[in-house]
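Single-letter residue listing:
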Amino acid sequence: MKVADIKKVETLCQVSKRDRLSGAGNLFFTVMKSIISQLHLKFAEKTWNETFQLVRRCMDRRKDESRPYKPLVRSLERLQEELNVSCMKAMRSRLEMIAKQQGMGFHITEATCYLTADLFYLEVVLLPCGGVAEVKVAPHGGFPVPSESFLQLLRSKHFAEFSVKLAGLFTQYNIPGDNVIKLKLFASLQCLGKDLQQISHLPREPKDSDPQVDMINNGRIGCLIAGREDCPLTIQFYITPTDGMKTSDLQMANTEAFIQAAHVTVGVSYETHNLQMASVIPQLDPQGRPVFLPFSEAPCEALPACFLLKLQPAIPMMLSFVIKLRQITDMAIPDVDLQWAPLPKLLTRRSLSANSHEETSDEQDTIFTVPLPGGVMHSYVLPGAAWEVVPQIGTVVDSIPFTHPAHVPALLELLRHQSAINTLLRSCITSECAGTGSVCDLHFEVLPESETSFSVTFHRPDTDSLAVLLVNVPDPRQIICTLFGVGTGDPSLNEYLSTVMKRFMSIPVTLTTLYSKLEEVTSAPLSPGHPATTEAENDHSAPSRIVVTDTNGALTASSQSAAVPEDGFSVSGSASYAMSVAKSELLPEINTSPAVNPYMFSPVGVFSHWVTNGSQLSELI
């Protein structure tokens, strides 16, 4: 393009909007069309590679700060995406562009490319045809180690996935501070990882028949995935029980079962904290538990940072649980992005579909429909006013700061406890809110009773009265179900329901099973020698006829004998009556069973008394 043409375009671009709408607009578009046509003719015979090199030359020239060059960068990236990587030169260019996008350095030596950062570098060995022979990752001070995941992405030319993975690796090593601080924090993080591995390998009694599920849900440090060169140190600490089941009781399809995990990394802090520079577990006590050295005796250094558990995904946590996190670590959860709301509302935000417009106020009741196999439909109402109380207010926590490896087991136990409560409540919170025309067979009302318990009010299948199922979750591994208002007088039924609830971690599954049991009790003939509750007393396993599916992100179930009341029943219209009947039975149960808090740690001093005296680790270890 000639200089005169450029000046002509600049002059035309200065034409006011009013003039463009008048006759000057015709002149503007006519001249622009002519210039664009000339450009098309000029570059019609040039290849993409020539155009690409032209853009590169423009970018390499001395930049005029008064003129933005971002359009050139975007043009270069677009050109790179269009080019077919079929030679070494094209692969080099693509890797260089990806490195610059991630803020990394790029160097070339013959057939090897180096994507460099402060604490690691990526080594890519190229082939003449543009293929990749080998990819290695080298942390600072370490030897290059082959990375199969990076290699396969480049060989498949999945450059977008490669860029995302590289960004994650860059974040893993993106430690705050200058080079001296970075090196110290990197060394401290490695020492922490070694101590956590030592704790995870300590012997313990298994509590689950599935070794993987047992390690995740019951391990002192969960399932610890040692930090590889291309992956951060990761802890898997909670999995919904249905994930690891090897039985055929569950026919799962698109369920919301997932593994809750946390990345262990380092974060910046406005205050200095003593962080270990060597192992703080020099020995074990006679019971095989670690004896921690006090920081006064172990190599440590005061640094403007702390360790972080970065939760994957973030976890909605009640206020009392957030307070307990601070009691364990003596460090506050950063409150910059914390938004407090009732716990069901936090869980609802995740369950509702992206195109849903069912956002409601905190005080408004939310009703969810849960479809079950066989065409049965449950509806669950969570009254907004009942959950809008201080004990049920929570926030979404995505990272937890800590400074000592002894904090981790207690933190994980607390996170497991909250995850168990969330899993139960999520089982009746689906992506579908009940509409005006929704027709449901069974209706339930879920109300909070304490920080770790809630009640489910429902219509009995045999009468017009209501009953209440109290669900108490005192710790991550214990669920206690207590039934009120059914008049069976069979204590084994409570144990049976507790077994089902713990096994499936689903309110709809448990209530469907309960309806089936109540129908069996009321329909069986009564006789002195064979009471109707014999089956309930003898059967302590989950019924094999339960079929679980989940098309809306929640576990659901159906039973061959599920009850469908003949008359209609509205929970919202009967809520006050339901609770007036049940409270007399519920309150003694709650008041006579004071909650035991296994996480009530005082600030770091609680650790200092056994650290200094060389005492045993807490029972969590």
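Everything numeric in this text was worked out from a predicted model, so none of it was measured. (Residues numbered from 1 in each chain as written. Predicted model: local features only at pLDDT ≥ 70, side-chain atom pairs only at ≥ 80, totals over all residues. Heavy atoms only, no water.)

A. Representation of the packing of aromatic side chains in the model. In total, this model carries 7 aromatic pairs according to the counting rule given. Plain terms: the ring middles of Phe458 and Tyr515 are 5.8 Å apart, the flat faces sit at 55° to each other, and that makes the pair tilted. You can see Phe458 sitting in strand β17 (residues 453–459) and its partner Tyr515 sitting in helix α16 (residues 507–523), a full 57 residues away along the chain. Between the NZ or CZ atom of Lys324 and the centre of the ring of Phe321, over which it lies, the distance is 4.7 Å. (Phe/Tyr/Trp six-rings, centres within 6.5 Å; stacked < 30°, edge-to-face > 60°. Helix = DSSP H or I, 4+ residues; strand = E, 2+ residues; numbered from the N terminus. Lys NZ or Arg CZ within 6 Å of the ring centre and 35° of its normal.)

B. Expanded view of the packing of helix α7 (residues 148–155) against helix α8 (residues 159–172). Between α7 and α8, the shortest axis-to-axis distance is 8 Å and the interhelical angle comes to 155°. When the axes of α7 and α8 are compared, the pair comes out roughly antiparallel. Taken as a pair, α7 and α8 cross one another with a handedness that is left-handed. Counted together, Ser149, Phe150, Leu153 and Leu154 of α7 and Phe159, Glu161, Phe162, Lys165, Leu166 and Leu169 of α8 form the full contact between these two elements. Here the residues of the contact of α7 with α8 sort into 7 nonpolar, 1 polar and 2 charged. (Axes fitted to C-alpha atoms, helices over the stretch in contact; angles between N-to-C directions. Parallel < 35°, antiparallel > 145°, perpendicular 65-115°, else oblique. Left-handed = near helix turned anticlockwise from the far one by under 90°. Contact = heavy atoms within 4.5 Å. Nonpolar A, V, L, I, M, F, W, Y, C, P; charged D, E, K, R; others polar.)

C. Looking closely at the environment of Leu442. Structurally, the position occupied by Leu442 is in strand β16 (residues 442–450). Residue classification places Leu442 among the buried residues on the basis of a relative accessible area of 4%. Separated by 65 residues in the primary sequence, Leu442 and Met377 place their C-alpha atoms 6.7 Å from one another. (Buried < 20%, exposed > 50% of the residue type's maximum accessible area, 1.4 Å probe, protein only.)

D. Spotlight on the environment of Lys345. Considering the arrangement of structural elements, one finds Lys345 in helix α12 (residues 343–351). Owing to a relative accessible area of 13%, Lys345 belongs among the buried residues under this scheme. Residues Lys345 and Gly394, spaced 49 residues apart in sequence, show a C-alpha to C-alpha distance of 9.3 Å.

E. Representation of the sheet that holds strand β19 (residues 478–484). Strand order across the open sheet formed by 6 strands is β13-β14-β16-β17-β18-β19, with mixed pairing between neighbours. Of all strands in the sheet, those bounded by a partner on one side alone are β13 (366–371) and β19. Averaged over all adjacent pairs, the angle separating strand axes in this sheet is 25°, with direction ignored. In this sheet, β19 lies alongside strand β18 (residues 466–475) in antiparallel orientation, the contact comprising 6 bridges. What sits directly across from Val468, in β19, is Phe484. Most of the contacts of helix α14 (residues 407–426) go to β18, to which it runs at about 155°, and overall it touches β16, β17, β18 and β19. Running at roughly 135° to β19, helix α15 (residues 491–504) makes contact with β18 and β19 of the sheet. (Pairing = 2+ DSSP bridges.)

F. Highlighting the sheet that holds strand β7 (residues 233–239). Read across the open sheet, the 6 strands follow the order β6-β7-β8-β11-β15-β12; overall the sheet is antiparallel. Because the sheet does not close on itself, it has two edges, and the strands there are β6 (223–225) and β12 (341–342). Inspection of the sheet shows β7 paired to strand β8 (residues 259–276) by 6 bridges, in the antiparallel sense. Each bridged residue has a counterpart across the sheet, and for Gln236 the counterpart in β8 is Ala261. Together, β11 (300–318) and β15 (393–402) form the strand contacts of helix α11 (residues 319–329), whose direction differs from that of β11 by roughly 160°.

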